[in-house]
Structures are given as C-alpha cells and as structure tokens.
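Structural description and commentary
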Amino acid sequence: MAEALHPETGEPKRILLFEDSDIFADILSETLQEAGYCISRAVNGFEGIKRVYQFLPHLIITDVEMPLFKGYQATRLLKSRRYTKAIPIIMFTSLSETRDRFWGGQAGADCYLEKSPDNFGELKDRVAALLREFQDIDFGAIEKEGKRINDDALIELVNNLLDTKLFQMTIIGRLAELSSKLESLEDILKGVFELLAYICEAGISSIMLKSAHNTLLSYTCNTGGYTAEIAEDFTAITRADFNALFPDFKAISRHTTDFYPAGDREKRLESYLSLPLTTGGEPFATVNMANSIKDYFSPVIGEHLSVFFAAAAPIIANALSLKRLAELQAKTRAAFARYVPIDVMDEIIDTASSASASQSETRNVVVLFSDIRNFTKISEHSNAQDIVTFLNAYFALMGNKIIAEGGNIDKFMGDAIMALFGAPRTLSDAPGCAIRAAINMMRALSQVDTSHIRLPESGFAVGIGINYGECVVGNIGFQNKQDYTVIGDTVNLASRLEGVTKEYRHPIIVSETMYEASKGQSIFRKIDRVQVKGKDTFVDLYGVYAAYTDEPHAEDIPQSLLLNRELLDQYNKGLKLYAMEEWETAKQYFSRALLIDEHDYLSHLYLDRSASHLTALDASR
C-alpha cells in the first residue's frame, strides 16, 4: 500500500491511536499494521496529546469517550495549535448521533466514523485518502514546540481553550433535555429561567411572548427577591422594550405568570439587558434581565447568553406553537361537543390514534434530500455559536419553502434535510410540488445570512436530490418512541442523487420517475445514465432548471437554474449520437453547445468522454 510509506524515506507512516479499550486498540493496531503503517497508542487524551510531540504522527485516530481528556478536547487543542493542526484526525467512535457528528466537526476532526468492525474497510480507505491529502506537516517545529510543553502547561492550555466551549456545549445539552417538555410552555420557560441562573445571576428577568389573538404572555422570575415596587418598575421597562420591538402588536389581553414572588430587597437595579428571541429570522419574543451590579453583563456573559438563547429560541417557539395548538384543539373539541357526545368523540380520537401508531402502508411518495456543500470545512473555520445560528436560520428558510408546497420535513441530519411529498398528507401532484419547492429553496439561498461563518472559496452552495417511487410509510420505533418516516429503495436513491449533484455540478438532480411524472411541467436536461450502487439496474438522471435564458424575469433566477434553448438543442442531439456510439459527430454538437456557453460543464464532460472513446477505439484497431 503506497500510502503507508513515506515517498522520500521509504519508512512506514506513523499513526497514533487514542484508545482506552485494550481489546479494540489491539484489533485496530493489527489491522493498520497489516496495511503497512507504524502504530503507537495512548490510553487517554492527555497522554495522547503528549505522545503527539514525541511520536510525531502523520495521522491520529481517536475515540471520544476516554479518561482525562475526551476526544473532542484533545482534538480541539491539537487543531488550535499552529503546527499540530496540520495532522489529520479521524474520530472513530461508537457515538453515532447527529449531534455527536456535529460537535466532532466543531472540534476540528477531519473525519467521523462509527466504531464498528464493519467500518474497518472504510477506515483504511479514509486513512489512505487523508494521508494523501495532508502531506505538509512540519514535524521539526512540532518536536521543538513539544520541548517547551510540560504537564502543567498542557493542562492550562486545554483549560483556557475549552472552558468557554464546554460550558456552552453543556448548556445546549441541558436545553436538549429540556425540549422533552414541549407540551408545557410553562415548564419550558421555568427550565429556561433555571438555566439562565446557571449562566449568570440576572437577579430579576422576564420573557414576553406574542401569542394568538393579540394576547401578551409575560413570565417573570424574581430570584433576587426584589420588592414589588422594583419588580413593577422592571416590568414597565420590559413592556416598553417589547412594544418598541413589536410596534404593530396591540395586546388586547395580558397573562402574567410569576415563578418567584416579590421579596423585601430594595437595592437598585444597575445593569439591564434586553434581547429579542427569533425563529426563522423573525422575532417573536423578548427576554429581559437586570442586576444590582454595574456593568454586570460583560462580553463573556453576553457570548454565553447569545449561544444559549440562539438554541433556546426554537424550543420556546415550538412550545408556544403547541400551546396555541392545544388551545385550538380545546376550542374545536368544545365546538364539536355540541354535535357529538364527549365520550364518543374521545373514543373516535383514541381509536384513530392507536391505529395510526401501529399501522404502516405502501404508497408512492416523493423523497427530497438537500445538503450544504463543504459543510465540514465551514464548521472547521466557524465557532459553535455562529454555526448554530446559521443552521437555525437556514433550516427555517428552507423548511418554509418545503412546507409552502405541501411537503413534510421528515428530519434534519446535521446540515442535511430529508423531506416527503405525499405522506402523511396525500398530494394530487407530489412530484410537481417537490420540484417547485426545490427551485424555491435554491432561489432563497441568497437570503441566508452567511456573514458570521467562514465559507470555502467555492462559496455557499446546496445540492438537492429528488426521487419518486413506492415506499413503506408509517410509524417506526417502539412503544415509547416512534417516528413517522419512510423506508425503501426510493429513499436510498434520493440520498444518492443528492450526493451526485456535486459530481455533475448541478444543484438539483432528479430520477427518471420524477422526470416521467413532471416532464410536461418543468424544464429538464438529461445528465447521465448510471448504475445504482448495489443494483443491476441503470437509472437516468435529469437536471432541473427554473427557466430558459430568454424568458422574462430570468435575471432574478440563479444562473445555475437557467438554461439556453439553443444550447439544450445542441446538447440533446449530441447526447443521442453519443448513445448511438457516433462519437465523432457527437463531439461536433457538444462543441457547438460550448460555443454558446463555454462554461457548460455537461457539454465539456461529454466532449471529453467522446474523445476518450475515440482514442480507445483507435488504440484497439
């Protein structure tokens, strides 16, 4: 294996393992040694960091859950140092949740794989690929730096680097636990106030929300025990800030909930902070805090608060939506109670609920996958707060476009979205709805605020793959946890279609079944005919476009979704000749297409393929 040897010295490349399990370390070491690598092992993150400066590895493979420093901590430290950041790091761990992958990327890991014997082959492939990519490592500088670092200095480095990030991660983790109480807005807000006390000693705080029918919901938490008079003054200020943020909101009724009663503390409030809570880029509430200490809300506290409320805002918004839904259901139940007895209505609802919870069905569904290009690189160069804020805004914008066309968001997976059209709600034209949603998603990308994250040179881009076919739909899981989702080959192909958007350099690629169902409604361009991995059948791939270049308002559409009519005509003729193996004539048509648009990637692709076939044909004669 050429990647295992240094090209100049011929010596085996060095791989350092951070692994506390003796059994797994032995298996992993044996596997990599058989591939020709030189292996060393550290039993915890602290020992691993020290070993880096002694063993000078070309690559590191680390577990996450280890004694002393965890894999996240060790990775973040190494990736924050000038010279060790060049060493590629693979997280090979049993933690496979989406959030684990997200924080692995935030720590700086170059690759994240689930720890499983089935993945050893993929691990070796990733090792080889990273060793080819990461070759410029200054081992002399690393060794020199290691001589200046002792145990105490190393601990101080890690603590200084990680205190803030781990604190924020802990807060977000506790928020995730709190989200299980979404059915009660009061419980959610009480938990938010308790976590707020963990972040800073606000003394007195409030959250004011816009509810349905011009109702103002006000929740206060007087943990400092201030007098009723001071609390009333504080409330007056918070209402003024709320009214300033929402000048068009005219509260007809107000509901106030005090989690802590007034006390006898008469000390003046010297520091005050008011923040908007937003979801989908739109504010829906304010949070207000005050303290008796001057200049209390320092930049550090402010950073913690921004991270906290960026994560808390969607949870509060969802709880508020469920509260509104519960109120609507109560009113609906009361209205129908005039026509149907309460006990009969409850039986109907219970029967329907129990049936839907256990049944599944087979139906034709459109499955849409979208994914942000180069998100790993974006995560490597942006902090957690900015990534969370960015993803929340991005998901809200994309989700609204999907929902507007009748789609149902099945799940968010890291930076990816999986959406369904035709389940659970039946749509008369699910393929057409999905294509319109995809085009609207691409057109909306310019509205996503990317100013706080660092983008790669290629910029901000998204790929979308769509397939249409038969799926099994229903609730999958067990008694205590079920998800409504779809399974089947249709889902797998949709995911792969999203993956090839990067290969063919087109943002929206659909399957042949999608094309057949919508070819009279949308603009398509055949891209290729490929064999699906693990299948004997071939699948035709089609690119989707929003308009032709000569249509009105074409200037408002992204260039990647515009298609020149004449270019399409020349391209289609060339493609037919290419399929007939008339490669010389096909070259002429692809060349004509490139005279119309010299940057058309697909014409370049087939021109090169035709030339390759002709070269191979000449060589065989």
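Residues numbered from 1 in each chain as written. Predicted model: local features only at pLDDT ≥ 70, side-chain atom pairs only at ≥ 80, totals over all residues. Heavy atoms only, no water.

**A word on the overall build of the protein**
Short version of the rule: Where helices and strands are cited, they refer to DSSP runs of H or I of at least four residues and of E of at least two residues respectively, numbered from the N terminus. When accessible area is computed with a 1.4 Å probe and restricted to protein chains, residues below 20% of their type maximum are described as buried, those above 50% as exposed, and intermediate ones as partly exposed. Any two residues whose heavy atoms approach within 4.5 Å at even a single point are treated as in contact. Areas reported here follow the Shrake-Rupley algorithm with a probe of radius 1.4 Å; residue values treat only the protein chains shown as occluding.
What the protein contains, in helices and strands, is 19 helices and 20 strands. Sorting the 621 residues of the protein into buried and exposed places 47% on the buried side. Sequence separation of at least 24 residues holds for 66% of the intrachain contacts in the protein that already meet a minimum separation of 6. Surface accessibility of the protein: about 31500 Å² in total, with carbon and sulfur atoms responsible for 49%.

**Some points on the confidence of the model for the protein**
For clarity, the cut-off: A score between 0 and 100, pLDDT records how confident the predictor is in each residue.
Put simply, the protein has an average pLDDT of 84, and 85% of its residues get 70 or more. Confidence scores differ between elements of the protein, with helix α11 (residues 342-358) showing the lowest mean pLDDT of 48 and strand β16 (residues 508-511) the highest of 96. Throughout residues 351-358 the model reports pLDDT below 50, and contacts reaching past four residues in sequence, or to other chains, amount to 3 contacts.

**Structural notes on helix α1 (residues 22-34)**
Our working definition: What a helix is expected to span follows from its residue count: subtract one and scale by 1.5 Å.
Under the 1.5 Å per step criterion, the end-to-end length of α1 is 18 Å for 13 residues, consistent within 8% with the ideal 18 Å. Turning to α1, the residues buried within the fold contact β1 (14-18), β2 (38-42), β3 (59-62), β4 (89-93) and α5 (120-133). With its phi angle positive at about 105°, Gly-36 sits one or two positions after the end of α1.

**Observations regarding the pairing of strand β13 (residues 416-421)**
Basically, it comes down to this: The rule for pairing is simple: two strands pair if DSSP sees at least two bridges between them.
The element β13 is extensively covered by neighbouring structure, given that 6 of its 6 residues are classed as buried. Burial along β13 is two-sided: Ala-416, Met-418 and Leu-420 facing one way and Ile-417, Ala-419 and Phe-421 facing the other are all buried. Summarising the sheet, strand β12 (residues 408-413) and β13 pair through 5 bridges and their orientation is antiparallel. Bridge assignment links Ile-409 to a residue of β13, and that residue is Ala-419. Connecting β12 to the antiparallel partner β13 that follows it, the hairpin turn spans 2 residues, and Gly-414 within it adopts a positive phi of roughly 65°.

**Here's the deal with the pattern of salt bridges**
Just so we agree on the cut-off: What makes a salt bridge here is a side-chain nitrogen of Lys or Arg within 4 Å of a carboxyl oxygen of Asp or Glu, nothing more.
The full count for this structure, using the stated rule, is 19 salt bridges. The partner of Asp-569 in a salt bridge is Lys-573, and the shortest N-O contact between them spans 3.2 Å. Taken together, the positions of Asp-569 and Lys-573, both in helix α17 (residues 565-579) and 4 residues apart, correspond to about one turn of that helix. Classification of Asp-569 as partly exposed rests on a relative accessible area of 31%.

**What about the nonpolar core?**
The condition that has to hold: To qualify as a nonpolar core, a set must consist of buried Ala, Val, Leu, Ile, Met, Phe, Trp, Tyr and Cys residues joined through side-chain atoms within 4.5 Å.
Within the largest apolar cluster, 45 residues are counted, with the highest numbers of intra-cluster contacts made by Ile-372, Tyr-394, Phe-421, Ile-464, Ile-466 and Ile-508. Among the elements that line this core, the one with the most residues is helix α14 (residues 430-444), at 10 residues. Excluding residues that lie within four positions of it along the chain, Phe-421 makes contacts with Val-365, Val-366, Leu-368, Ile-402, Glu-405, Gly-406, Gly-407, Leu-427, Ala-430, Cys-433, Ala-434 and Ala-437. Judged by nonpolar contacts, the second largest core, of 35 residues, contains Phe-297, Ile-301, Leu-305 and Leu-320.

**What to know about the packing of aromatic side chains**
Note on aromatic pairs: each is described by the distance of the centres and the angle between the planes. So the rule is basically this: Aromatic pairing here means that ring centres of Phe, Tyr or Trp (its six-membered ring) are within 6.5 Å. Orientation follows from the plane angle: under 30 degrees is stacked, over 60 is edge-to-face, and everything else is tilted.
Within the structure shown, the criterion is met by 21 aromatic pairs. Note on Phe-308 and Phe-309: the rings are 4.8 Å apart at their centroids and 65° apart in plane angle, and the pair reads as edge-to-face. Like Phe-309, Phe-308 is buried. Measuring from ring centre to ring centre gives 5.6 Å for Phe-590 and Tyr-606, while their planes differ by 25°; the resulting arrangement is stacked.

**Focus: a negative patch on the surface**
In plain terms, the rule: Note that patches include only residues with greater than 30% relative accessible area and no salt bridge, and the join distances are 9 Å for like charges and 5 Å for nonpolar side chains (Val, Leu, Ile, Met, Phe, Trp, Tyr). Charged residues are defined narrowly, with Lys and Arg counted positive, Asp and Glu counted negative, and His plus the chain ends left uncounted. To locate a charge, the coordinates of NZ of Lys, CZ of Arg, CG of Asp or CD of Glu are taken.
A grouping of Glu-229, Glu-232, Asp-233, Asp-264 and Glu-266 is seen on the molecular surface, where their side chains present a negatively charged patch. Inspection of the secondary structure puts Glu-266 in the loop between β8 (253-258) and β9 (271-279). Judged by relative accessible area, Glu-266 falls into the exposed class, the value being 67%.

**A closer look at the sheet that holds β1**
Inclusion rule: Interaxial angle, 0 to 180 degrees, is taken between N-to-C directions of lines fitted to C-alpha atoms, where a helix line uses only the stretch in contact.
Strand order in the open sheet formed by 5 strands is β2-β1-β3-β4-β5, with parallel pairing between adjacent strands. In this open sheet, the two edge strands, each paired with only one partner strand, are β2 and β5 (111-114). Across the sheet, the mean angle separating the axes of adjacent strands is 20° when strand polarity is ignored. Note: β4 against β5, 4 bridges, orientation parallel. Looking at β5, one finds that Phe-92 is bridged to Leu-113. The sheet strands contacting helix α2 (residues 45-55) are β1, β2 and β3, and the helix crosses β1 at an angle near 165°. Across the sheet, helix α3 (residues 71-80) lies against β1, β3, β4 and β5, angled at about 175° from β4, the strand it touches most.

**Considering unusual backbone geometry**
Leave glycine aside and you will find that most residues have negative phi; peptide bonds, for their part, are mostly trans. In the Ramachandran plot, Leu-56 falls in the positive-phi region, its phi being about 55° despite a non-glycine side chain. The residue Leu-56 is located in the loop between α2 and β3 in this model. One non-glycine residue with positive phi stands out, namely Arg-505, at about 55°. One can find Arg-505 in the loop between α15 (489-504) and β16.

**Regarding a nonpolar patch on the surface**
Together, Leu-322, Leu-325 and Leu-328 make up a nonpolar patch on the protein surface, roughly 250 Å² of accessible area in all. Turning to its location among the elements, Leu-322 is positioned in helix α10 (residues 299-336).

**Describing the environment of Tyr-606**
As for its placement among the helices and strands, Tyr-606 is situated in helix α19 (residues 601-620). For the pair Tyr-606 and Tyr-578, spaced 28 residues apart in the sequence, the C-alpha separation amounts to 8.1 Å. Residues in contact with Tyr-606, not counting those within four places in the same chain, are Ile-527, Asp-528, Tyr-571, Leu-575, Tyr-578 and Phe-590.

**Brief notes about the packing of α2 against α3**
The test is simple: Here is the rule for angles: anything less than 35 degrees is roughly parallel, anything more than 145 is roughly antiparallel, 65 through 115 is roughly perpendicular, and the remaining ranges are oblique. Take the far helix as your reference; a near helix turned counterclockwise from it by less than a right angle gives a left-handed crossing, and one turned clockwise gives a right-handed crossing. As a working rule, the residues Ala, Val, Leu, Ile, Met, Phe, Trp, Tyr, Cys and Pro are called nonpolar, Asp, Glu, Lys and Arg charged, and the rest polar, with Gly in that last group.
Running from N to C, α2 and α3 point in directions that differ by 25°, and their axes come no closer than 9 Å. When the axis of α2 is compared with that of α3, the two are roughly parallel. Considering how the two elements wind past one another, α2 and α3 form a crossing that is right-handed. Here Gly-45, Ile-49 and Val-52 of α2 come into contact with α3, specifically with Ala-74, Leu-77 and Leu-78. Of the residues contributing to the contact of α2 with α3, the split by class is 5 nonpolar, 1 polar and no charged.

**Here's the deal with the sheet that holds strand β6 (residues 204-211)**
Strand order in the open sheet formed by 5 strands is β8-β7-β6-β10-β9, and the pairing between neighbours is mixed. Unpaired on one side and paired on the other, β8 and β9 mark the two borders of the sheet. Between one strand axis and the next, the sheet turns by 15° as a mean value, whatever way the strands run. Running over the sheet, helix α9 (residues 228-245) touches β6, β7 (215-221), β8, β9 and β10 (282-291) and is turned about 40° from β6.

**Digging into the packing of helix α13 (residues 384-404) against α14**
When two helices pack together, their arrangement is captured by the angle between the axes and the distance separating the axes. One can describe the packing of α13 onto α14 by two numbers: an axis separation of 8 Å at closest approach and a directional angle of 150°. Overall, the two elements α13 and α14 adopt an arrangement that is roughly antiparallel. In this structure, α13 meets α14 at a crossing whose hand is right-handed. Of the residues in α14, those in contact with Leu-397, Met-398, Lys-401 and Ile-402 of α13 are Ala-437, Asn-440, Met-441 and Ala-444. Taken together, the residues of the contact of α13 with α14 break down into 6 nonpolar, 1 polar and 1 charged.

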